[in-house]
Amino acid sequence: MAILPIVQYPDARLSTPCKPVTEFTEELKTLAADMAETMYKAPGVGLAAPQIGRLIRMVVIDVSEEKNDLRVFINPVLSPVDEELIEGEEGCLSLPGLYEKVKRPAHVHVKAQDLEGKVFEYDCDGLLAVCIQHECDHLDGVVFIDHLSRLKKSRAAARLTKMRREKAREAKAE
Ligand code: NI
């Protein structure tokens with residue numbers, strides 16, 4: 001297994017729609033394991049393939065407190081279960097340090113394939129529902145700040161630039 005470098009916003013790979021997975025190979029399993037290791041190490045609760053530079057429709061998620069509930073979703077398709085919306089603070093490993101409130105459906109149905117290509121489906125709520133929507137957005141070239149108003153998004157992007165500049169300055173001073 002390996003820790004992979006995480007693609008940082010606004011890299012073009014984060015705004016490119018990803019291709020469906022058609023072959024369920026050993027290489028795909030290794031990639032999923034590496035993505036999981038990278039996510040746990042970060043640490044984060046979800047990671048999408050484009051975030052490690054692979055433009056394919058695969059995400060890994062673990063929202064459990066014990067970090068023992070790894071879920072892999074390949075070619076996931078989401079649909080809201082009802083009309084309820086929930087607003088929660090989101091962050092992203094490709095925009096580290098930035099947290100913004102995003103409103104999304106509170107309950108979603110997911111249909112996806114596992115690493116063997118077998119189809120599964122179930123309803124999600126709570127943090128899993130939020131996380132799976134955030135990760136599936138990545139597969140369509142969407143990051144969470146794309147859900148903000150244009151003004152809020154440009155302020156958030158400016159804050160990210162400022163944080164990066166400060167971090168670089170600190171690193172230099174050390
Ligand atoms: Ni993200």
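Residues numbered from 1 in each chain as written. Predicted model: local features only at pLDDT ≥ 70, side-chain atom pairs only at ≥ 80, totals over all residues. Heavy atoms only, no water.

S.K.: What am I meant to see in unusual backbone geometry here?
M.R.: Excluding glycine, a negative phi dihedral is what most residues carry, and trans is how most peptide bonds are arranged. Cis peptide bonds are those with omega within 30 degrees of zero, and the linkage from Tyr-9 to Pro-10 qualifies with 5 degrees. Mapped onto the elements of the fold, Pro-10 is located in the segment before α1 (26-41). Of note, Lys-67 is a non-glycine position whose phi angle comes to about 55 degrees, a positive value. Relative to the helices and strands, Lys-67 is located in the loop between β2 (58-61) and β3 (71-80). Residue Lys-67 is classed as partly exposed on the basis of its relative accessible area of 37%. Non-glycine residue Asn-75 carries a positive phi angle of around 50 degrees. Turning to its location among the elements, Asn-75 is positioned in strand β3. Note on Asn-75: relative accessible area 15%, which makes it buried. (Helix = DSSP H or I, 4+ residues; strand = E, 2+ residues; numbered from the N terminus. Buried < 20%, exposed > 50% of the residue type's maximum accessible area, 1.4 Å probe, protein only.)

S.K.: Hey, could you run me through the environment of Pro-80 in this one?
M.R.: When you line up the elements, Pro-80 lands in strand β3. Pro-80 gets classed as exposed once you look at its relative accessible area, which sits at 53%. Distance in space between the C-alpha atoms of Pro-80 and Gly-53 is 28 Å, their sequence separation being 27 residues. With sequence-adjacent residues up to four places away left out, Pro-80 is seen in contact with Pro-105, His-107 and Val-108. (Contact = heavy atoms within 4.5 Å.)

S.K.: Sorry if this is basic, but what is going on with the pattern of salt bridges here?
M.R.: Tallied over the entire structure, the rule returns eleven salt bridges. The partner of Asp-146 in a salt bridge is Lys-153, and the shortest N-O contact between them spans 2.7 Å. A salt bridge links Lys-162 to Glu-166; the nearest nitrogen and oxygen atoms lie 4.0 Å apart. Of this pair, Lys-162 and Glu-166 are both found in helix α3 (residues 150-173), four residues apart, which corresponds to roughly one turn of the helix. Assessed through its relative accessible area of 34%, Glu-166 is described here as partly exposed. A cluster of three or more residues bridged by salt bridges with shared partners is formed by Glu-26, Lys-29 and Glu-116. (Salt bridge = Lys/Arg side-chain N within 4 Å of Asp/Glu carboxyl O.)

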